[in-house]
Amino acid sequence: MKPELEPGGLAESGGVISEGADEEPMEANRRDFTGWRMTTIAWCSGLYAAFHMAALNGLSIERWIGVEIPLLPTFPMETWNFRIIHVAGALLLGFLLYSARPFAEDKHGESRALNLPSLVLGALALVSVGTAFSFAVEIANGAMWNGMDTGIRSREIWWFGVPLLVATVGAIVLSWFHRKQRDGIAAPDIVLGICAAGVAVYLITIYGTLMRNSTGTPFAPIGISLAAVSGVALILELTRRVAGLALVIISVVFLTYVFTGQHLPGFLNSPVISWERFFSQVYTDAGILGPTTAVSSTYIILFIIFAAFLSASKVGDYFINFAFAAAGRSRGGPAKVSIFASGLMGMINGTSAGNVVATGSLTIPLMKRVGYKPTTAGAVEAAASTGGQIMPPIMGAGAFIMAEVTGIPYTEIALAAVIPAILYFVSIYFMVDFEAAKLGMRGMRADELPKLRKLIRQVYLFFPIVILIAALFMGYSVIRAGTLATLSAAVVSWLTPYRMGFRAIGKAFELAGAMAIQIIIVCACAGIIVGVIALTGVGARFSSLLLGIAGASELAALFFAMLIAILLGMGMPTTAAYAVAASVVAPGLTNLGIPPLTAHFFVFYFAVVSSITPPVALASYAAAGISGANPMATSVASFKIGIAAFVVPFMFFYNSALLMDGTWPEIIRAGITAVVGVFLLSSAVQGWFMGGRTVWWLRIAIGILALFMIEGGIVTDLIGVGGAVAVWAIQKFIRPDPNTPFEVRGAD
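None of the values given here were measured: they were computed from a predicted structure.

How each quantity is defined
Residues numbered from 1 in each chain as written. Predicted model: local features only at pLDDT ≥ 70, side-chain atom pairs only at ≥ 80, totals over all residues. Heavy atoms only, no water. Patch = residues over 30% accessible without salt bridge, like charges linked within 9 Å, V, L, I, M, F, W, Y side chains within 5 Å. Areas by Shrake-Rupley, 256 points an atom, 1.4 Å probe, with all protein chains shown as cover. Salt bridge = Lys/Arg side-chain N within 4 Å of Asp/Glu carboxyl O. Helix = DSSP H or I, 4+ residues; strand = E, 2+ residues; numbered from the N terminus. Buried < 20%, exposed > 50% of the residue type's maximum accessible area, 1.4 Å probe, protein only. Expected span 1.5 Å × (residues − 1). Lys, Arg positive; Asp, Glu negative; His and termini not counted. Charge placed at Lys NZ, Arg CZ, Asp CG, Glu CD. Phe/Tyr/Trp six-rings, centres within 6.5 Å; stacked < 30°, edge-to-face > 60°. Lys NZ or Arg CZ within 6 Å of the ring centre and 35° of its normal. Axes fitted to C-alpha atoms, helices over the stretch in contact; angles between N-to-C directions. Parallel < 35°, antiparallel > 145°, perpendicular 65-115°, else oblique. Left-handed = near helix turned anticlockwise from the far one by under 90°. Contact = heavy atoms within 4.5 Å. Nonpolar A, V, L, I, M, F, W, Y, C, P; charged D, E, K, R; others polar.

Draft legend 1. Region of the structure containing a nonpolar patch on the surface. A surface patch of nonpolar side chains, about 800 Å² in accessible area, is lined by W696, W697, I700, I704, F708, V715, I719 and I730. Tallying contributions element by element places helix 31 (residues 696–711) first for the nonpolar patch, with 5 residues. You can see V715 is positioned in helix 32 (residues 714–732). Owing to a relative accessible area of 58%, V715 belongs among the exposed residues under this scheme.

If you want it as C-alpha cells, here you go:
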C-alpha cells in the first residue's frame, strides 16, 4: 500500500492528484549513482547543506562539547572564507554530479584511453594543492608574505599557477570527449574537483594576510590572478553543464570586453586593463564573492534547504492537491490549478524552468485533457511558473538579492511585491478564464478531485509558510525566520504519514545540497559579469546614456531599459538575470530620479519575464517539452498570456501606491483600479468582454481604456471605467457573427 493510501494520508482527501510533483527532475547529463558512489555523494551533499545551516546559525560542535577539534570549521566564519568554501563545494559536487555532455542510452562504452592523461593532470592538480598547503603552513609559522618577492613569485607561478591552469584547461577539454556510464564518475571531472579545492585553499591562505588589500593593484601576488583564471574557467564550465550556454556566452562577451573595450567607440570605450589586475580583483567581493554569492551563500541556500524539507514532508504535494480542490471544478479548471500551484511552488524555486518541469508534468496533461491545445497548456504553465518568481514572501530568492544590492529591508521589499504579484496572477486568471469561456470548456468532475473539506483539516501543512511570514514581520532576521520555518516543516511532518526522523532529515539535507548546485554556480557566474561592470565602469556610462535618452522622453528611457533588462535575462535563471540587469540598468534608472525600490522592481520584473519572452524563453521551452507543442509557438503564447507582466512595471512607475508607497486610501484605490486595468487588458487580448465575444474595433477600444488605467490618476481612472461601461452598453446591441460557432470541448 502506498503511503498516500494510509489512514490520514493525502488520499483520504478524496483521491491522490499530486504525488511527487515537488521532486527534483533528473537532467540529461545528471549522473545516477548506485552503491558506494551513491552513498558517498549523498553524504557529501548532505554535509555541504548542513554546513551552511550550521554556519548561518553560528552552530559549533566545539562549543557544544567544549573540546577543540583541529581542521573543523569554527563559526561564525570569516565572510570571504565562507563564500570561497561555498563556491568551491558547489564546484566539487557539481563536477561529480553533472557530466560534460548528456548521457546517451545507447552508448555504454567507456573512454579508458583518456584515463592516463587524466592521471597526469590529476598529479599536476595535486602538486598545486600541495603547494597551496605549503604556503598556508609557512604563513602560519610566521613567514612574511610579499607578492613582489622574486622567490615567492617564482613558486607561485611554477609550482602553483602553471600546474593548476594546465590541469584545469586539460581536464575541461578531456571531459568533453570522455564517455562514462551514468553511474560512474569520469576521471577528468575528479581532476576538476581537485582544481576547485586548490583554488579555495590558496585564496583562503592568501586572503588571510595583508595581501588581501592589494587585489586590483600591481602589488597583488601573481598567484591570486592565476587562481582566479582557473576559478573563472571552472565556474564557466560548470555553468555550461547545469544552465546551458546562454549565461556562459554573455559572460565570455563581458570578459572579452575587459580587454577590448579600449578599442570601442562612444560610451562602450573603457580604460586599458591588464589581465593580472582584472583577475586579481574578480575573485573578491567586487566580483565572484560579491552580492550574488553573498545572497546564494546565505538566503538562497537556506531557502533551498527549506524547500527540501517541504519536499521530504510532502507539503509540496499538499499545495498542489489544495489547488486542485479549490479551483479544479471551475471552467478550464486545470489551467487555474496551474496558476495557484505554480505560484505556491515557484516562489520557493529559484528557476522558472525548474518549476515548469516540477508542476507542469502534472498540470499540462490535465489541461490538454479538458480541451486546451498543447501550445496553450504549455504557455499557461510557463507563465504561471514565471509568476512564482515575483510571489512574496520568497520570490524565488530574487527579493534577497534586491535587499543585498539596495540595502532596503527585506520585509519592505516583500510587502511592496504584494499588489504587483496579485495583478500578475489575476491577469493570468482572466486570460485562462476567458480562453475557457470562448472554447466552452468545463471543469473537472467532483470525483476526479480531492475533497476540499478534508484537505482543510490538513491546513496545518501551511504552517511552515505562515511561520516564515510571521517571523519576518515580527522582526526576526531572514536567516532566523528561514531556520524556524525549516524546523516547523519537520515538526509538522509528524502529523502526517511522512514523519521526518533522522534518516528523512539527512535525506532532506542531501536533496538540498544537490538542488543548490545550479543556482550557486549561476550566481557565481553572474558575479563575473558584475565584476566586469564594476571594474570597467560600463554601468556608469550606460547610466549616462539613459539620462541622455530621458532628456528627450522619460518613457523612451524606460522602454529602452526594459529591452536591455529582457535581453540580459534571456536564457538565464531569475537570480542571475536580475543580478546582471541590476548592475547595468538599475543605476541608470535611479540617476533619472526614480526611487531605488521602484527602479529595482522595474528591472526585476523584466528580468523575470525574460523566461517567457521570445526568442529565448527557457520556461516556455521547458513547457513545450512536456506538452509536445512547438517551442517557439509556446513562447509566443506564454508571452501573450503573461502580457500583464510587461505592463505592471509601468503601472507602479506612474503610481508608486502599487508598491505600498502612500496612504491606505491611495493604496486601496490604486489596487482596485489596477485590477480593473488588467481585466480590460486581458479582455482586449482574448476578445472576450463581460460574458461575450468582442468585435475587433471594440477590442482596440478596450485596450486603449486599459492604458488609461495604467497612469493611476483620478481623471484617467474615471475615463477608463466610464469607457468600459460605454463599451459594455455598445456590446449589448452587438451580436457575434452567427457563423462563428462556439467550440465545446470536454474531458470526455
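Draft legend 2. Region of the structure containing helix 7 (residues 222–243). Taking 1.5 Å of rise per residue, 22 residues should cover 32 Å, and helix 7 covers 31 Å from first to last C-alpha, within 8% of that figure. Trailing helix 7 by a residue or two, G244 shows a phi angle of about 85°, which is positive.

Draft legend 3. Seen up close, a positive patch on the surface. On the surface, R329, K451, R453, K454 and R457 cluster together into a patch of positive charge. Topologically, R453 is positioned in helix 18 (residues 452–456). Judged by relative accessible area, which is 68%, R453 ranks as exposed.

Draft legend 4. Geometry of the pattern of salt bridges. Per the counting criterion, the structure on display carries 8 salt bridges. A salt bridge links K507 to E510; its shortest N-O distance comes to 3.5 Å. Remark: E510 and K507 occur in helix 21 (residues 502–536); sequence separation between them is 3 residues, near one turn of the helix. Under the relative-accessibility criterion, E510 is labelled partly exposed at 22%. Among the charged side chains, a salt-bridge network with shared partners connects R31, D189, E237, R240 and R241.

Draft legend 5. Just the packing of aromatic side chains, in detail. Counting across every chain of the model gives 23 aromatic pairs. Here the aromatic rings of F606 and F650 are separated by 6.1 Å at their centres, their planes lie at 65°, and the arrangement is edge-to-face. In this pair, F606 is assigned in helix 26 (residues 596–609) and F650 in helix 29 (residues 644–654), connecting sequence segments 44 residues apart. F606 sits in the buried class, given a relative accessible area of 0%. Within the aromatic cluster, the residues linked to one another by ring pairs are F602, F606, F639, F646 and F650. Looking at R212, its charged tip hangs above the ring of W80, at a distance of 3.8 Å from the centre.

Draft legend 6. View of the packing of helix 14 (residues 374–387) against helix 17 (residues 418–438). Where helix 14 contacts helix 17, the two axes come as close as 10 Å, and the packing angle between them is 165°. Considering their axes alone, helix 14 and helix 17 lie roughly antiparallel with respect to each other. Considering how the two elements wind past one another, helix 14 and helix 17 form a crossing that is left-handed. Of helix 17, the residues touching helix 14 (which contributes T376, V380, A383, A384, T386 and G387) are Y424, F425, I428, V432 and E435. Along the lines of polarity and charge, the residues of the contact of helix 14 with helix 17 split into 7 nonpolar, 3 polar and 1 charged.

Draft legend 7. Representation of the packing of helix 10 (residues 291–312) against helix 19 (residues 463–473) in the model. Across the interface, helix 10 lies against helix 19 with an axial gap of 11 Å and an inter-helix angle of 155°. Here helix 10 lies roughly antiparallel to helix 19, going by the angle between them. For the pair helix 10 and helix 19, contact is made by F303, F306 and L310 and by P464, I465 and L468, respectively. Tallied by class, residues from the contact of helix 10 with helix 19 come to 6 nonpolar, no polar and no charged.

Draft legend 8. Up close: unusual backbone geometry. Of note in this structure, M660 is not a glycine but carries a positive phi near 65°. Examined against the element boundaries, M660 turns out to sit in the loop between helix 29 and helix 30 (664–686).

Just distances and angles here, no functional claims.
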